[in-house]
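Each chain, letter by letter, is given below.
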Amino acid sequence: MASLPGSGINRYALKDGDTFLVCTDTGDLLDEADGMYRDGTRVLSRWFLCLGEGALSLLSAAASQDNVYFVAHLTNQRTAMLEGGPPFSGIHIERTRFLWRGRLHERIACTNYAQAEAVLPLRMEFAADFRDMFEIRGATRARRGHECEPEVSDTQVSLRYEGLDQVVRRTVLAFSERPVELSASQARFQLRVPPRARRELYLEVGEEAGEPTRERFRAAAAKARCAMRLRVRSGARVRSSGRVFNAWLERSRADIALLTSDLATGPYPYAGIPWFSTPFGRDAIITALQTLWLDPRLARGVLAFLAGSQATETSAFRDSAPGKIMHETRKGEMVALGELPFGLYYGGVDTTPLFVMLAGAYVQRTADVGLLEDLWPALLSAMAWIERQCETDPDGFLTYQRGESGGLINQGWKDSGDSVFHADGRMPETPIALIEVQGYVYAALRAMAAMARHRGETEAALHWRRHARRLRAAVEARLWDEELRFYAIARDGRGDNCRVRASNAGHLLYVGLPHEEKAQQVIEQLDGHTFNGGWGIRTLGADQPRFDPMSYHNGSVWPHDVAICAAGMARYGARGPAVRLLAETFEAATHFGMRLPELFCGFPRVPGAPPVAYPVACLPQAWAAGSVFMLLRACLGLNVDAWRREITVEQPRLPVGVDRVQVQGIEIGGKSVSLAFERAGERVLVDRTGGDAEVRVSARL
């Protein structure tokens, strides 16, 4: 659920595969980003239900716990019947909808609680503007295709658009009953509902014609719920003694399941709704890392898909080069025509080392030799690209600069145009070496060395370990700023450091690059008031140039960024700050209906006031939903080593207000184990509560 800027109206989202829908709390599609989208195109832009000439009054709205259904409860207060008479308030209208196989299924159930028969003049307004997602986001086009003549029959309307790419996009609206009036823009019904009775109207919207019925609605709903149930139940389960904390866990798991599409290569989490409901490389990798300890299947699907879309050619337009891992892939008219490069775009400098990082973490978690062998050529190609780029840099760093003007200016996770700058506020010259990217390369080199060792390639492993040591030394010598007691956010193309303190350094902690003394200085500052305003770590210190708590990347709070920083702190033994960050993020989640947005504003916390929403944040967003699992693992100090069939727990801590956490069914090499963490005074104890004896559990409390 989210609000559009200035509207005060909540929005709800449904998704199935490459189709998603965003609607108001009354179930209508009105303006802004509202709509039903398929393959990057808005195929339904207006869907408005009213009674006669009056709008319906909202009683309540909600998405089901499993994210399959959206339900709105409405009434006709202050609305008179078509046949005259006094205003009548005894009508309850329930709109229930879901998506399945690219189709919208909707049931409008009208119940008459009065003592006399009611005649309901229902009217449905509809339209399909067939605008590309990038047009919705603000892109302008010199010209568009043309709208075809609508086709209207007794119970169906077909709306079509022929794009400049010669593709005809089609939306067919079908009704279970014949309207008294049906045109290319509206359907009118007069439903007679006896006293104390219920009348149902079924509607479908899809690319092909359909004949909506009660039976079709129920059959499709059963399939949709079954598919969602399988995704939600994948992997280990986490339960706690905290009822509200459990609600956050369950909502987060359901949101990841909602955003996950079942591709030919396996499950893949799309980034977020509405702007990024498509495969992204970086977002999916981080989501997979967040959930890897519970469910390695997601990581397996992400790795397989990204390996299959690895670049094989050089293109300035797509920012591609052999070995690079994609940043994003999109469908739609504009990318098909080459108006934008994002059909298959590689302008992310961090995605390739993150891909190798995830592969190493996945193999360590699963000992999946089969997938390692399948991925090895892609991993070698990825490392070859990384090392070629590092060889051209005087410091041995991995840098970026966009190939053409249509690509992204900044190509790290903070990819807005103003997210990297000097201490005096000016923009840096390219190529740019981001601090966290060097950390990802360091982790990728170590991961390759570990995987090579398991394959028996001793010389290759030694080569990558040596490269990792050289890179670590270069980062410590070149990017550490003794005056700031912090790492510079980047080094620019002139060799000058961008002496700005940003949360990027927390990602360096996550991979374990800093030496202990420097790590503790970074932790001290990230844990201080300059970075933490009470709702988690801000992307930029409040005393830094360009700080703006309402900005996208220069002072806002991103839950996934908070989680990575917390995991980095915990890696260096700072469990206390990690626990506080989990508590702050949990408290923020309670104000957002247990669904963390992509980001929110970085204003200081005020007693009794909620965090300030960022108006156009994606909601749900995959790596925001996954943050709770990375935060919890950081607090529990839990690690899984499948090669040794061992789970280790080091200095576990529990979230504030939670006295017991159970993790059931952690799978390792076909075996499983369940653990219980329980507070005992100042300590947290861990007990094995079930599973196979072959899996060892060791704990240092």
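Residues numbered from 1 in each chain as written. Predicted model: local features only at pLDDT ≥ 70, side-chain atom pairs only at ≥ 80, totals over all residues. Heavy atoms only, no water.

**Notes on the pattern of salt bridges**
One side chain can pair with another of opposite charge once the charged atoms of both are near each other. Applying the stated criterion across every chain, the model contains 52 salt bridges. The partner of Arg 297 in a salt bridge is Asp 295, and the shortest N-O contact between them spans 3.3 Å. With relative accessibility at 38%, the residue Arg 297 sits in the partly exposed group. What emerges from the salt-bridge pattern is a single network uniting Glu 135, Arg 141, Arg 144, Glu 333 and Glu 339. (Salt bridge = Lys/Arg side-chain N within 4 Å of Asp/Glu carboxyl O. Buried < 20%, exposed > 50% of the residue type's maximum accessible area, 1.4 Å probe, protein only.)

**Remarks on a positive patch on the surface**
A grouping of Arg 453, Arg 465, Arg 466, Arg 469 and Arg 470 is seen on the molecular surface, where their side chains present a positively charged patch. When residues in the positive patch are grouped by element, the largest group, 4 residues, is from helix H10 (residues 458-478). Residue placement: Arg 466 occurs in helix H10. (Patch = residues over 30% accessible without salt bridge, like charges linked within 9 Å, V, L, I, M, F, W, Y side chains within 5 Å. Areas by Shrake-Rupley, 256 points an atom, 1.4 Å probe, with all protein chains shown as cover. Lys, Arg positive; Asp, Glu negative; His and termini not counted. Charge placed at Lys NZ, Arg CZ, Asp CG, Glu CD. Helix = DSSP H or I, 4+ residues; strand = E, 2+ residues; numbered from the N terminus.)

**Some details on the packing of aromatic side chains**
Within the structure shown, the criterion is met by 24 aromatic pairs. Ring geometry for Trp 413 versus Trp 558: centroids 5.1 Å apart, planes at 75°, classification edge-to-face. One end of the pair, Trp 413, is in the loop between helix H8 (369-391) and strand S27 (433-434); the other, Trp 558, is in the loop between helix H12 (516-526) and helix H13 (559-571), and 145 residues separate them in sequence. Chaining the aromatic ring pairs together yields one cluster made of Trp 413, Tyr 552, Trp 558, Tyr 614 and Trp 623. The ring centre of Tyr 270 lies 4.6 Å from the NZ or CZ of Lys 15, which sits over that ring. Its end group placed over the ring of Trp 535, Arg 605 keeps NZ or CZ at 3.9 Å from the ring centre. (Phe/Tyr/Trp six-rings, centres within 6.5 Å; stacked < 30°, edge-to-face > 60°. Lys NZ or Arg CZ within 6 Å of the ring centre and 35° of its normal.)

**A closer look at the sheet that holds strand S31 (residues 497-498)**
Within the open sheet, the 3 strands sit side by side as S27-S30-S31. Their pairing is antiparallel. Two strands lie at the open edges of the sheet, namely S27 and S31, each paired on one side alone. Pairing geometry for strand S30 (residues 490-491) and S31, over 2 bridges, is antiparallel. Paired with Arg 491 across the bridge in S31 is Asn 497. (Pairing = 2+ DSSP bridges.)

**Points about the packing of H13 against helix H14 (residues 575-591)**
The N-to-C vectors of H13 and H14 enclose an angle of 160°; their axes lie 7 Å apart at closest approach. With respect to H14, the element H13 is oriented roughly antiparallel. For the crossing formed where H13 meets H14, the hand is left-handed. Across the interface between the two elements, Val 562, Ala 566, Met 569 and Ala 570 from H13 touch Arg 575, Pro 577, Ala 578, Leu 581 and Thr 585 from H14. (Axes fitted to C-alpha atoms, helices over the stretch in contact; angles between N-to-C directions. Parallel < 35°, antiparallel > 145°, perpendicular 65-115°, else oblique. Left-handed = near helix turned anticlockwise from the far one by under 90°. Contact = heavy atoms within 4.5 Å.)

**A look at a nonpolar patch on the surface**
There is a patch of nonpolar side chains on the surface, built from Met 550, Phe 603 and Val 612 and spanning about 250 Å² of accessible area. Positionally, Val 612 belongs in the loop between H14 and helix H15 (622-625).

**A few points about the nonpolar core**
Counting residues in each nonpolar core, the largest one holds 154 residues, and the members touching the most others are Phe 355, Leu 379, Met 451, Ile 647, Val 663 and Phe 677. Considering each element in turn, this core owes the most residues, 13 residues, to helix H9 (residues 435-454). The residues touching Phe 355, leaving out its near neighbours within four places in the chain, are Ile 285, Leu 303, Leu 306, Ala 307, Ile 325, Leu 375, Ala 378, Leu 379 and Ala 382. In this structure, Cys 23, Leu 29, Leu 122 and Ala 128 belong to the second largest nonpolar core, which totals 42 residues. (Core = buried A, V, L, I, M, F, W, Y, C linked by side-chain atoms within 4.5 Å.)

**A short note on helix H16 (residues 627-636)**
For H16, the tally of buried residues reaches 9 of 10 residues, placing the bulk of the element in the interior. What H16 keeps buried is the set Ser 627, Val 628, Phe 629, Met 630, Leu 631, Leu 632, Ala 634, Cys 635 and Leu 636. With its phi angle positive at about 65°, Gly 637 sits one or two positions after the end of H16.

**Observations concerning the packing of H8 against H9**
The description of two packed helices rests on the angle between their axes and on the distance between the axes. Look at H8 against H9: their axes get within 11 Å of each other, and the N-to-C directions meet at 140°. It follows from the interaxial angle that H8 and H9 lie oblique. Relative to H9, the crossing made by H8 is left-handed. Within the contact between the two elements, H8 uses Leu 372, Trp 376, Leu 379, Leu 380, Met 383, Ile 386 and Glu 387 and H9 uses Val 441, Ala 444, Leu 445, Met 448, Met 451 and Ala 452.

**Considering the state of the cysteines**
Considering all chains together, one arrives at 0 disulfides under this definition. Unpaired in terms of disulfides, Cys 390 finds its nearest cysteine sulfur in Cys 498, a separation of 18 Å. Cys 390 sits in the buried class, given a relative accessible area of 4%. (Disulfide = S-S within 2.5 Å.)

**Quick notes on the side chain of Asn 554**
Its location among the elements puts Asn 554 in the loop between H12 and H13. With a relative accessible area of 3%, Asn 554 lands in the buried category. When near neighbours in sequence (up to four residues on either side) are disregarded, Asn 554 contacts Asp 418, Ser 419, Phe 421, Thr 539, Leu 540, Arg 546, Phe 547 and Asp 548.

**What to know about unusual backbone geometry**
Look at the link from Ile 273 to Pro 274: it is a cis peptide, with omega at 10°. In this structure, Pro 274 sits in the loop between strand S24 (266-269) and helix H4 (281-291). Cis geometry is adopted by the peptide bond preceding Pro 431, which originates at Thr 430 and carries an omega value of 0°. Note that Pro 431 resides in the loop between H8 and S27. You will see that Asp 319, though not glycine, has its phi angle at about 55°, which is positive. For Asp 319, the position within the fold is in the loop between helix H5 (296-308) and strand S25 (328-329). The phi dihedral of Arg 645 falls on the positive side, at around 50°, and the residue is not glycine.

**Regarding the sheet that holds strand S36 (residues 683-691)**
The antiparallel open sheet is built from 4 strands, whose spatial order is S22-S34-S35-S36. Strand pairing shows two members of the sheet lacking a second neighbour, strand S22 (237-240) and S36, which therefore form its edges. When strand polarity is set aside, the average angle formed by the axes of neighbouring strands in this sheet is 20°. Relative to S36, strand S35 (residues 671-680) runs antiparallel, the two being bridged by 8 bridges. For Leu 675, the partnering residue across the bridge sits in S36 and is Arg 688.

**Structural notes on the side chain of Thr 366**
Mapped onto the elements, Thr 366 comes out in helix H7 (residues 351-366). Classification of Thr 366 by relative accessible area gives buried; the value is 16%. One polar contact links the side chain of Thr 366 to the main-chain carbonyl oxygen of Tyr 362, over a distance of 2.8 Å. In this structure, Thr 366 is in contact with Pro 296 and Ala 642, ignoring residues within four places of it in sequence. (Polar contact = N/O pair within 3.5 Å; in protein donor to acceptor, adjacent residues only side chain to side chain.)

**Looking at the pairing of strand S3 (residues 19-24)**
Among the 6 residues of S3, 6 are classified as buried, and the element is accordingly described as predominantly covered. Across the two faces of S3 the burial is the same, with Thr 19, Leu 21 and Cys 23 and Phe 20, Val 22 and Thr 24 all buried. Here strand S2 (residues 10-16) pairs with S3 via 6 bridges, running antiparallel. Across the sheet, residue Asp 16 finds its bridge partner in S3, namely Thr 19. Remark: 2 residues form the turn of the hairpin made by S2 and S3, two consecutive strands paired antiparallel; Gly 17 in that turn has positive phi of roughly 60°. Across 4 bridges, S3 lies against strand S4 (residues 35-38) in antiparallel orientation. Following the sheet pairing, Thr 19 is matched in S4 by Arg 38.

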